[in-house]
Amino acid sequence: MLKILKYPNDFLRKKTREVNDFKDSKLTRLVSGMMKVMEAEKGIGLAAPQVSSDLRICVAKVDNVPHILINPKIKSKSRKKEIFEEGCLSFPGKFFPVERPVKVKIKARDLSGKKIKIKAEGLLARVLQHEIDHLDGILVIDRAVKYEEKK
Ligand code: CO
């Protein structure tokens, strides 16, 4: 089973590089290993740097639908934003309120290298934005909004 790096491991800040070789058998092995550990840890998203890979890959499973995104890029974001508590497998047991656009359009490639487009909203949009942040070395604590406690 792949090991999940925990904050403040420096590798989580590393920028990733794009996947070019879609014929490499290591790619399939990495992606299935990521899916496996994500499910075992009851996560709904995982990015390659969290398992010590510097490739631009993330996976998610929302509403029981698995998603594999290779070289993902956010193409557009809705103006409407929402604040919601986010967890992260690199911050076990912690939750942070983060404001994000409610809808995004993403371009990526699938495991075979084919171009895919994803229109996501709600929880899936949030998870994918969180995971794509990981690929740029951005962590949930960088996005967390400070909110005042009610007295
Ligand atoms: Co995370």
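Everything discussed here concerns the structure shown above.
Here the structure is a predicted model, which is why all the values come from computation and not from measurement.

A. Region of the structure containing the sheet that holds strand E6 (residues 103-109). With antiparallel pairing, the five strands of this open sheet are ordered in space as E1-E2-E3-E6-E7. The sheet is open, and its two borders are formed by strand E1 (45-47) and strand E7 (115-121), each paired with just one other strand. Averaged over neighbouring strand pairs, the angle between their axes works out to 40° when direction is ignored. The pairing of strand E2 (residues 57-62) with strand E3 (residues 65-77) spans six bridges and is classified as antiparallel. Among the inter-strand pairings, Ile57 is bridged to a residue of E3, identified as Ile70.

B. Region of the structure containing the coordination of the cobalt ion. Distances from the cobalt ion to its protein donors, Cys88 (SG), His130 (NE2) and His134 (NE2), fall within 2.0 to 2.2 Å. Of note, the cobalt ion draws all its donor residues from one chain, in the sequence arrangement C-x41-H-x3-H. Taken together, the positions of His130 and His134, both in helix H2 (residues 122-135) and four residues apart, correspond to about one turn of that helix.

C. Region of interest: the pairing of strand E5 (residues 96-101). Extensive coverage of E5 is indicated by the burial of five of its six residues. Note: strand E4 (residues 81-86) against E5, six bridges, orientation antiparallel. Paired with Glu82 across the two strands is Arg100, which belongs to E5.

D. Fine view of the environment of Pro97. Counting through the fold element by element, Pro97 comes out in strand E5. As for Pro97 and Phe22, which are separated by 75 residues in sequence, their C-alpha atoms are 36 Å apart.

E. Molecular detail of the packing of aromatic side chains. Here the structure, examined in full by the defined rule, presents two aromatic pairs. Between Tyr7 and Phe91, the aromatic rings sit 4.8 Å apart at their centres with planes inclined by 20°, giving stacked as the arrangement. Placement of Tyr7 in the segment before helix H1 (25-40) and of Phe91 in the loop between E4 and E5 is noted, with a sequence separation of 84 residues between them. Geometrically, the ring pair formed by Phe91 and Phe96 is edge-to-face, given 5.5 Å between the ring centres and 80° between the ring planes. An aromatic cluster of three or more residues is present, and its members are Tyr7, Phe91 and Phe96.

What counts, and at which threshold
Residues numbered from 1 in each chain as written. Predicted model: local features only at pLDDT ≥ 70, side-chain atom pairs only at ≥ 80, totals over all residues. Heavy atoms only, no water. Pairing = 2+ DSSP bridges. Helix = DSSP H or I, 4+ residues; strand = E, 2+ residues; numbered from the N terminus. Axes fitted to C-alpha atoms, helices over the stretch in contact; angles between N-to-C directions. Donors = N, O, S within 2.8 Å, 3.2 Å for Na, K, Ca; no water. Buried < 20%, exposed > 50% of the residue type's maximum accessible area, 1.4 Å probe, protein only. Phe/Tyr/Trp six-rings, centres within 6.5 Å; stacked < 30°, edge-to-face > 60°.

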